[in-house]
Amino acid sequence: MMTDTKKIINREISMGDAAIDGLLSGVLAGLTMAVYLLAYGWVSGIGPLRILELFAPNVANGALVGVLARLAVSGIYGAVFTTCYAVLLRRRDYSPPIWVHAVIGAAYGLLLLAGAWLVLFPATGAQMQAIPLTHLAIGHLLYGAVLGLLVYRGARHVVG
């Protein structure tokens, strides 16, 4: 009987490379969140431009500013997550299973939502608080889980 075994090889990358990977991964994860919130809007009868406008920093900005702001924030948070996570993985001789990355990422997404809901939204009057908390939570869970899965794809150790 033949057994199928796989060996995970972690290649070493610099902190800067980890940050850039995280930036790009964060943008992709942010797009996933945006697609979910657009689907929520469609089902709820809210037009896509209105949902995208809610991503903008204030009422005077339009949908384009909302999209760019969402992707910028998603990229920055992705860079922070991936850099910190890569440092944590640096001390490991193995890569955790795929579901661990997704769960840690999802927890990170919920942590971001908690910070936004409790601190950022009240301080700035952000329009995103017009979206029900349940749907923001699902969007952030998706963002974090996708981010975690993209980190799994890389599963790298950081040097330096």
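In every chain, residue numbers begin from 1 and rise along the written sequence. At least 70 in pLDDT is required for a residue's local features to be given in this predicted model, at least 80 for side-chain atom pairs to be given and counted, and no such filter applies to totals for whole chains, interfaces and linings, which use all residues. Computation of side-chain values covers all heavy atoms of the structure but excludes hydrogens and water.

The subject of this paragraph is the layout of surface pockets. For the largest pocket, the calculated volume is near 340 Å³. Here a cavity denotes grid points, spaced 1 Å and computed from the protein atoms alone, that fit a 1.4 Å probe unable to get out, and a pocket denotes an open set having protein on both sides within 12 Å along at least 5 of 7 lines; residues with an atom within 4 Å of a point are the lining. Looking at the largest pocket, it is lined by 19 residues, and the ones nearest its centre are Arg-70, Val-73, Leu-120, Phe-121 and Met-128. Counting residues per element, the ones that place at least two in the lining of the largest pocket are helix 3 (63-90), helix 4 (98-124) and helix 5 (133-154). Polar here means any residue outside two lists: the nonpolar Ala, Val, Leu, Ile, Met, Phe, Trp, Tyr, Cys and Pro, and the charged Asp, Glu, Lys and Arg; Gly therefore counts as polar. Residues of the lining of the largest pocket, tallied by class, amount to 14 nonpolar, four polar and one charged. Grid points are joined across faces, edges and corners, and a volume is the space filled by probe spheres set on the points. In this description a helix means any DSSP run of H or I spanning at least four residues, a strand means any run of E spanning at least two, and both kinds are numbered starting from the N terminus.

We now examine the packing of aromatic side chains. What counts as a ring pair is set by centres within 6.5 Å for rings of Phe, Tyr and Trp (its six-membered ring), and what kind of pair is set by the plane angle: stacked under 30 degrees, edge-to-face over 60, tilted for all other angles. Considering all chains together, one arrives at three aromatic pairs under this definition. A ring pair is formed by Phe-81 and Tyr-85, whose centres lie 5.2 Å apart and whose planes are at 15°; its orientation type is stacked. Pair noted here: Phe-81 and Tyr-85 are both in helix 3, with a separation of four residues, about one helical turn. Here the term buried applies to any residue with accessible area under 20% of the maximum for its type, exposed to any over 50%, and partly exposed to those in between, with areas from a 1.4 Å probe on protein chains only. Overall, Phe-81 belongs to the buried group, its relative accessible area being 6%. An angle of 70° between the planes, with centres 5.9 Å apart, marks the rings of Trp-117 and Phe-121 as edge-to-face. Of this pair, Trp-117 and Phe-121 both sit in helix 4, four residues apart, which is roughly one turn of the helix. Residue classification places Phe-121 among the buried residues on the basis of a relative accessible area of 5%.

Time to look at the side chain of Ser-25. For Ser-25, the location among the structural elements is in helix 1 (residues 15-44). Look past the residues within four positions of Ser-25 in its chain and what remains in contact with it is Leu-147, Leu-150 and Arg-153. Two residues qualify as a contact provided that any one of their heavy atoms is within 4.5 Å of a heavy atom in the partner residue.

Turning our eyes to something else, we now look at a nonpolar patch on the surface. The residues that make up patches have over 30% relative accessible area and no salt bridge, and they are joined within 9 Å when like-charged or within 5 Å when they are Val, Leu, Ile, Met, Phe, Trp or Tyr. Residue exposure ignores everything except the shown protein chains as possible cover, and the areas themselves are Shrake-Rupley values with a 1.4 Å probe. Each reported salt bridge corresponds to a side-chain nitrogen of Lys or Arg within 4 Å of a carboxyl oxygen of Asp or Glu. Where nonpolar side chains cluster on the molecular surface, the patch consists of Val-73, Ile-76, Tyr-77 and Val-80 and spans about 320 Å² of accessible area. For Val-73, the location among the structural elements is in helix 3.

In regions of low pLDDT, the predicted coordinates are not meant to be interpreted in detail. With 82% of its residues at a pLDDT of at least 70, the chain reaches an overall mean of 84. Under a pLDDT of 50 for its full length, residues 5-9 has, in the predicted model, two contacts with residues more than four places off or in other chains. Summary of the metric used: pLDDT quantifies the predictor's per-residue confidence within the range 0 to 100.

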